[in-house]
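Coordinates in review
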Amino acid sequence: MRVGWIGTGVMGSSMCGHVLAAGHEVAAHTRTRSKAEPLLARGARWARTPADAATASDVVFTMVGYPADVREVILGEQGVLTGARRGATLVDMTTSEPTLAVEIDEAARAKGVPTLDAPVSGGDVGARSATLSIMVGGDEAALERVRPLLDLMAKTVVRQGGPGAGQHAKLVNQILIATGMIGVCEALLYGYRAGLDLDQVLRSVAGGAAGSWSLSNYGPRMLRGELDPGFMVEHFVKDMAIALAEARRLNLSLPGLALAQQLYVALMAQGHGRLGTHSLILALARLSDVDWLAPTAHRSA
């Protein structure tokens, strides 16, 4: 297929790379061209604008940061819908607002362009290893047309319902991660203060009832002080804000999510907004005057 790809960040670059590796033609665009250079070196064509990326494409993927970015790259003057031809399919993989997904679908249908909102879970590891989980909202026939491409990036692709349903499912995912990460961080801090060797602790608990993806994948990184982003704190705070806004609209109280969001806001205030979500350990450690990044701080003496 001829593919347009907009957004080559931490995850988007790897995801697009799988499409390239499978032999598909790719026209790539991102705000900073240098971030697309590795893909261009592998054979992707540079597109000056999102509209340019869409002009000759059968499928256009967008994977950007914020709802405002989604609106600009799809609905803006040089956006995807300006260049997309009738019959092409638009797939937005950004975690964004369900209401915006519905708005985009309505605008695209008027041009004969079916859309899917298809946010992903799995972080940088899942993006590199093509083991993401993709939650899809939109037309079932459109999903089946692009499924061969999604299967290049993911282990799990599930349609959740109509437009916006993929975004709602992703917010469920983010709520689970947000509150779960508090538990991971508090448990490791407790083990540290109790004088345990946390490598040994992880060996004991990760495979039992307390185990989780975050504990198994982020726990070892946290012990090594490796806090680079698989998914950035500032983007996670955005996701939680969307979820809280949707909860208000649904007349739903989510106190655990509200607490997690405030702890992550504190983490940003401490200057860690561009670290990974597992760096929440720093904010919680600070509450108890623990220097988590000090050499061997997380291991018993």
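The notes below deal with the structure included here. Just so it is clear, the structure is predicted and the values come from calculations on it, not from any experiment. (Residues numbered from 1 in each chain as written. Predicted model: local features only at pLDDT ≥ 70, side-chain atom pairs only at ≥ 80, totals over all residues. Heavy atoms only, no water.)

**Side note on the overall build of the protein chain**
Helix and strand content of the protein chain: 14 helices and 9 strands. The C-alpha radius of gyration of the protein chain comes to 20 Å, within 12% of the 19 Å expected for a compact globule of 301 residues. Here the protein chain, with 301 residues, has 52% of them falling under the buried criterion. The contacts of the protein chain with a sequence gap of at least 6 include a subset with a gap of at least 24, amounting to 67%. With the model as given, the accessible surface of the protein chain reaches about 13300 Å², and the carbon-plus-sulfur share is 53%. Of the side chains in the protein chain, 28 bear a positive and 28 a negative charge, and the two mean positions are spaced by 3 Å. (Helix = DSSP H or I, 4+ residues; strand = E, 2+ residues; numbered from the N terminus. Rg over C-alpha atoms; globule rule 2.2 N^0.38 Å. Buried < 20%, exposed > 50% of the residue type's maximum accessible area, 1.4 Å probe, protein only. Contact = heavy atoms within 4.5 Å. Areas by Shrake-Rupley, 256 points an atom, 1.4 Å probe, with all protein chains shown as cover. Lys, Arg positive; Asp, Glu negative; His and termini not counted. Charge placed at Lys NZ, Arg CZ, Asp CG, Glu CD.)

**Re unusual backbone geometry**
What you tend to see is this: most non-glycine residues have negative phi, and most peptide bonds are trans. Even without being a glycine, asparagine 251 presents a positive backbone phi close to 55°. Within the element layout of this structure, asparagine 251 appears in the loop between helix H12 (233-249) and helix H13 (255-269). The class of asparagine 251 is exposed, set by a relative accessible area of 74%. One non-glycine residue with positive phi stands out, namely aspartate 289, at about 60°. Tracing the backbone shows aspartate 289 in the segment after helix H14 (280-287).

**Observations regarding the nonpolar core**
Within the largest apolar cluster, 36 residues are counted, with the highest numbers of intra-cluster contacts made by Leu188, Met222, Met240, Tyr264, Leu280, Ile281 and Trp292. Of all the elements in the fold, those that place two or more residues in this core are helix H9 (165-193), helix H10 (198-205), helix H11 (213-224), H12, H13 and H14. Per-element tally for this core: the top contributor is H9, with 8 residues. Here leucine 188 is in contact with Leu198, Leu202, Met222, Leu223, Ile281 and Trp292, once residues within four sequence places are set aside. (Core = buried A, V, L, I, M, F, W, Y, C linked by side-chain atoms within 4.5 Å.)

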